[in-house]
Amino acid sequence: EHCNLWRLTEDIHADWKRLIAPFDDKLVKRLAQTRPGSYGDLDMLQIGPMGVPNRAEKIFRPSGLKPAEQYLQLTLWSLLTQPLLLSCHVPTMDAFDLNLVTNAEVLAVNQDGLCEQGFRVKHKPGEFEVWAKVLEDGGKALGLFNLSEHDAVLTFSAQELGMVGALRDLWRQKDIGTLEHTFSVKVSSHGAVLLKIAPNVEL
């Protein structure tokens, strides 16, 4: 009623447990309140050269997150229609940092005009999460998150997603095949894969 952006959590830190907090059932319900013009906020991206919050820093250190975990945050924040707020020292961002925040295909998922909230397709607590987001063009974005301590192969089906179609890896900006029945993707430990399913056929 009184604002169009509200915080959903306490201040975030470059910490694994804070990154996966959105998978908690209680927070999932609060995230569902997102709609055009009204956005919950899971707090800032933990990417790039960082200092101590709320201080006029002159010394900046790399994010405490592993590279795979940084990919996971951008993927999850994009599927959850989160504001992508940088809290790092922008002038000294390196090529890896810039790649994370300037991938046009990933940003398009976050900025999709339909402004739908991502939703859980399936999960195994502490092991993996599979989430999808309906897009304005009729396609769907799909995030596969490996929460385990080892690399894993995650599988999804056309039946689970309610559609078949061409698959594109948005981080790699590469077409990877077609979803007809089931499809499997290798996901690194604490990492994520972000796919788009083209709007071909509804089941």
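Quantities reported herein were computed from a predicted structural model and do not represent experimental measurements.

1. Remarks on the nonpolar core
Then, in step 1: Leu42, Leu79, Phe145 and Leu194 are the most contacted members of the largest nonpolar core, which has 33 residues in total.
Then, in step 2: Sorting the residues of this core by element identifies α1 (16-19), α2 (25-31), α3 (67-79), α4 (95-102), α5 (104-110), β5 (140-146) and β10 (192-197) as the ones contributing at least two each.
Then, in step 3: Top contributing element to this core by residue count: α3, with five residues.
Then, in step 4: Those residues within four positions of Leu79 in sequence are excluded, and the remaining contacts are Val109, Glu116, Gln117, Gly118, Trp131, Lys133, Ala141, Leu142, Gly143, Phe145 and Leu194.

2. As for the pattern of salt bridges
Then, in step 1: Per the stated rule, a full pass over the model turns up nine salt bridges.
Then, in step 2: For Arg120, the salt bridge is made with Asp25, and the minimal N-O distance between the two is 3.1 Å. Of this pair, Arg120 sits in strand β3 (residues 119-124) while Asp25 sits in helix α2, and the two are 95 residues apart along the sequence.
Then, in step 3: Relative accessible area serves as the criterion here: at 24%, Arg120 is assigned to the partly exposed category.

3. Describing α3
Then, in step 1: For α3, with 13 residues, the first-to-last C-alpha span of 19 Å sits near the 18 Å given by 1.5 Å per residue.
Then, in step 2: With 11 of 13 residues buried, α3 is to be regarded as a mostly interior element.
Then, in step 3: Every buried residue of α3 is listed here: Ala68, Glu69, Gln70, Leu72, Gln73, Leu74, Thr75, Leu76, Trp77, Ser78 and Leu79.
Then, in step 4: Residues of α3 that are buried in the fold lie against α1, α4, α5, β4 (128-134), β5 and β10.
Then, in step 5: After α3 finishes, the residue Thr81 shows a positive phi value of roughly 55°.

4. Quick word on unusual backbone geometry
Of all residues except glycine, most have a negative phi; of all peptide bonds, most are trans.
Then, in step 1: Positive phi is not limited to glycine here, since Asp43 has a value of about 85°.
Then, in step 2: Along the chain, Asp43 turns up in the loop between β2 (39-41) and α3.
Then, in step 3: With a relative accessible area of 9%, Asp43 lands in the buried category.
Then, in step 4: One non-glycine residue with positive phi stands out, namely His190, at about 60°.
Then, in step 5: Within the secondary structure layout, His190 lies in the loop between β9 (182-187) and β10.

How each quantity is defined
- Residues numbered from 1 in each chain as written.
- Predicted model: local features only at pLDDT ≥ 70, side-chain atom pairs only at ≥ 80, totals over all residues.
- Heavy atoms only, no water.
- Core = buried A, V, L, I, M, F, W, Y, C linked by side-chain atoms within 4.5 Å.
- Buried < 20%, exposed > 50% of the residue type's maximum accessible area, 1.4 Å probe, protein only.
- Helix = DSSP H or I, 4+ residues; strand = E, 2+ residues; numbered from the N terminus.
- Contact = heavy atoms within 4.5 Å.
- Salt bridge = Lys/Arg side-chain N within 4 Å of Asp/Glu carboxyl O.
- Expected span 1.5 Å × (residues − 1).

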